[in-house]
Amino acid sequence: MSDRAGGARQPAPGHITQPTIGGVAVADLSAALGVAVWLALTAAGELDAIERALALAPLVLVPLALRTAVTGTFEGAARRYTTTAIWLQPVGALLLAASLVVQSPAPLAAGLATPWLAVTGLLGLVALARTRTRQTLTLPETAINAGLAYVSVGAVALLLAHLDLTLWFDRVIIRLTAVHFHYAGFVLPVAAGLTGRHLAVHSRGFRTVVGVILVGPALIAVGIVFSPLVEVVAVSFFTAAVAAFGVVVLSRVVPTCPRPQGLLLGIAAVALPISMALALGYGISTFTGRSLGLTISTMIALHGSLNAFGFGLCATLGWRLSVS
């Protein structure tokens, strides 16, 4: 979609590198298959609330994000790793979904989830290869690289949950960590990078916001592991950053997009700050010991749904509409 038509600024179609089958991008085919599988598993009642959010990311959101983010800036080794990852992604995602259904025995569930770790490991290699080339160290590409690197943490967390290697944490926390690094760790940085590509000028404020978005998931994870105070501070800064990011999307991106794309990106821009405000409230209640009515089950229902559908699905679909 060209700038003249009001869509997001993307490299010309000839510069977009995507493996295809019958002229259709493999990532698009994978996302369509993922939607069908996710709907079938959900309708059959095979997934609980956490598993629905967790399965949605590999099955649908990751291929949509890769379809949009992988352009001519992926060259050399990064291009080879990315192409391999895109071909393997549907297999890894389907086996991950199967691991959520099987769950036991633990070695079988972990074995089914392992191919997804291989896929995300390849994406981590993509980020490493791209950071070694100067032309990809711009703000948008650095954000996309961060998302590609973070997602493997989510795959590792899922393996640990399957094997019940939870250290001193409840198993639900490890599973939520897997969700966290697929959404705040992958979808959000990639969305920030695509927003950066769309904007011709990056103000100091926007660079600061993206910087917080990039380090936020790691700092929140550190706080959860080691210090409730660090967690509250990290979530506070992260919430402020995503709120500011939402304002940028609403004020500078949405007005320049065709209506369907603008509507999806607008919903994502509003849903994310609300979701993070709930996370901040939960962190404060945990730190102070005062109940704010935000239990784990409430957070899964509200925070999880807003992240998965309000933000994750709308953002990846919205940016997918920016390429033809």
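Scroll up to find the structure.
Right, let's walk through the structure included here.

Rules and cut-offs
Residues numbered from 1 in each chain as written. Predicted model: local features only at pLDDT ≥ 70, side-chain atom pairs only at ≥ 80, totals over all residues. Heavy atoms only, no water. Patch = residues over 30% accessible without salt bridge, like charges linked within 9 Å, V, L, I, M, F, W, Y side chains within 5 Å. Areas by Shrake-Rupley, 256 points an atom, 1.4 Å probe, with all protein chains shown as cover. Salt bridge = Lys/Arg side-chain N within 4 Å of Asp/Glu carboxyl O. Helix = DSSP H or I, 4+ residues; strand = E, 2+ residues; numbered from the N terminus. Axes fitted to C-alpha atoms, helices over the stretch in contact; angles between N-to-C directions. Parallel < 35°, antiparallel > 145°, perpendicular 65-115°, else oblique. Left-handed = near helix turned anticlockwise from the far one by under 90°. Nonpolar A, V, L, I, M, F, W, Y, C, P; charged D, E, K, R; others polar. Phe/Tyr/Trp six-rings, centres within 6.5 Å; stacked < 30°, edge-to-face > 60°. Buried < 20%, exposed > 50% of the residue type's maximum accessible area, 1.4 Å probe, protein only. Lys NZ or Arg CZ within 6 Å of the ring centre and 35° of its normal. 1 Å grid on protein atoms, 1.4 Å probe; cavity = no way out; pocket = protein on both sides within 12 Å on 5 of 7 lines; lining within 4 Å. Points joined across faces, edges and corners; volume = space filled by probe spheres on them. Disulfide = S-S within 2.5 Å.

### Some thoughts on a nonpolar patch on the surface
Alright, step 1. A contiguous nonpolar patch, built from Leu 167, Trp 168, Val 222, Ile 224, Val 225, Phe 226 and Val 230 and spanning about 720 Å² of accessible area, is present on the exposed surface.
Alright, step 2. Take the nonpolar patch: its biggest share by element is 4 residues, from helix α7 (residues 204–226).
Alright, step 3. Mapped onto the elements of the fold, Ile 224 is located in helix α7.

### Some points on the packing of helix α3 (residues 76–102) against helix α4 (residues 106–131)
Each pair of packed helices can be described by the angle between their axes along with the distance between the axes.
Alright, step 1. Between α3 and α4, the shortest axis-to-axis distance is 7 Å and the interhelical angle comes to 155 degrees. Our classification of the angle between α3 and α4 gives roughly antiparallel. As for how α3 packs across α4, the hand of that crossing is left-handed.
Alright, step 2. Tallied by class, the residues present in the contact of α3 with α4 amount to 22 nonpolar, 5 polar and 1 charged.

### A look at the packing of aromatic side chains
Alright, step 1. With the rule as written, the count across this model stands at 2 aromatic pairs.
Alright, step 2. When the centroid spacing of 5.8 Å and the interplanar angle of 65 degrees are considered together, the rings of Trp 38 and Phe 309 count as edge-to-face. Note that Trp 38 is positioned in helix α1 (residues 26–43) and Phe 309 in helix α10 (residues 296–320), a separation of 271 residues in sequence.
Alright, step 3. When its relative accessible area of 12% is taken as the criterion, Trp 38 is described as buried.
Alright, step 4. With centroids separated by 5.7 Å and ring planes inclined at 50 degrees, the aromatic side chains of Tyr 150 and Phe 181 adopt a geometry described as tilted. Pair noted here: Tyr 150 is in helix α5 (residues 139–162) and Phe 181 is in helix α6 (residues 171–198), with a separation of 31 residues, a long-range link. Grouping residues by exposure puts Tyr 150 and Phe 181 together as buried.
Alright, step 5. Sitting over the face of the ring of Phe 74, Arg 130 holds its NZ or CZ atom 3.9 Å from the ring centroid.

### Let's talk about the layout of surface pockets
Vacant regions in the atomic arrangement are exposed by a probe of water-molecule size rolled over the atoms.
Alright, step 1. Looking at the largest pocket, its volume works out to about 1000 Å³.
Alright, step 2. Where the lining of the largest pocket is concerned, the elements lending two or more residues are α2 (49–69), α5, α6, α7, α8 (228–253), α9 (259–288) and α10.
Alright, step 3. If you tally residues by element for the lining of the largest pocket, the top one is α6, at 9 residues.
Alright, step 4. Residue composition of the lining of the largest pocket, grouped by class: 32 nonpolar, 9 polar and 1 charged.

### Notes on the state of the cysteines
Alright, step 1. Counted under the stated rule, the structure contains 0 disulfides.
Alright, step 2. The cysteine Cys 257 is free of any disulfide, with Cys 314 supplying the nearest cysteine sulfur at 14 Å.

### Points about empty space enclosed by the protein
Alright, step 1. Following the criterion strictly, the structure yields 4 cavities of 30 Å³ or more and no others.
Alright, step 2. Taken as a whole, the largest cavity spans an internal volume of roughly 80 Å³.
Alright, step 3. Taken together, Ala 191, Thr 195, Phe 245, Val 249, Leu 265, Ala 268, Ala 269, Leu 272, Phe 311, Ala 315 and Trp 319 make up the full set of residues lining the largest cavity.
Alright, step 4. Of all elements in the fold, only α6, α8, α9 and α10 reach the threshold of two or more residues within the lining of the largest cavity.
Alright, step 5. No other element matches α9, which puts 4 residues into the lining of the largest cavity.
Alright, step 6. Every element with two or more residues in the lining of the second largest cavity is listed here: α2, α6 and α10.
Alright, step 7. If you tally residues by element for the lining of the second largest cavity, the top one is α6, at 4 residues.

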